[in-house]
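Structural description and commentary
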Amino acid sequence: MINSVQNVSNLSMTRALGAVDTENSASSSAATMPGTAGAANGVSFASVMGNMANDAVTSLKGAESMSFAGIKGTATTREVVDSMLQAEQTLQTAIAIRDKVVSAFLEVTKMQM
């Protein structure tokens, strides 16, 4: 997941989202820890977050390809707008999750030991 996020943050205006590598999913590299709530059904927090990151990248790639299809004239305006709104909602969700994670981290660092 970290590699995917780093690849997305390294995008420039000349590179498209198609350059992002999503084959290294966090679900394959994250192991469930014994004693966690998700360990009973095999789902860990890291795998859930990794899947969400992969879905977000897929949504952004879809919006990008749909916008190119709209420019070429092979997609309708409605399809392009729907795809862009879905990508915007995905981005806003990712930003909200990031803000919550940062807030939780700051709260943990403020705790007394």
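What comes next concerns the included structure. (Residues numbered from 1 in each chain as written. Predicted model: local features only at pLDDT ≥ 70, side-chain atom pairs only at ≥ 80, totals over all residues. Heavy atoms only, no water.)

As for the overall build of the chain
Scanning the chain from terminus to terminus reveals four helices and zero strands. Partitioning the contacts of the chain with sequence separation of at least 6, the portion at a separation of at least 24 is 47%. In the structure as shown, the chain presents an accessible area of about 8,400 Å², 61% of it carried by carbon and sulfur atoms. (Helix = DSSP H or I, 4+ residues; strand = E, 2+ residues; numbered from the N terminus. Contact = heavy atoms within 4.5 Å. Areas by Shrake-Rupley, 256 points an atom, 1.4 Å probe, with all protein chains shown as cover.)

Quick look at the side chain of T90
Mapped onto the secondary structure, T90 falls in helix α4 (residues 77-110). Sequence-distant contacts of T90, that is, excluding residues within four places in its chain, are made with A56 and S59.

Concerning the pattern of salt bridges
If you walk through the whole model with that rule in mind, you get two salt bridges. The partner of R78 in a salt bridge is D82, and the shortest N-O contact between them spans 3.3 Å. Here D82 and R78 lie together in helix α4, a separation of four residues that amounts to about one turn. Given a relative accessible area of 61%, R78 falls into the exposed group. The partly exposed category is assigned to D82, whose relative accessible area is 38%. (Salt bridge = Lys/Arg side-chain N within 4 Å of Asp/Glu carboxyl O. Buried < 20%, exposed > 50% of the residue type's maximum accessible area, 1.4 Å probe, protein only.)

Such coordinate-based values are descriptive only and should not be taken to indicate function.
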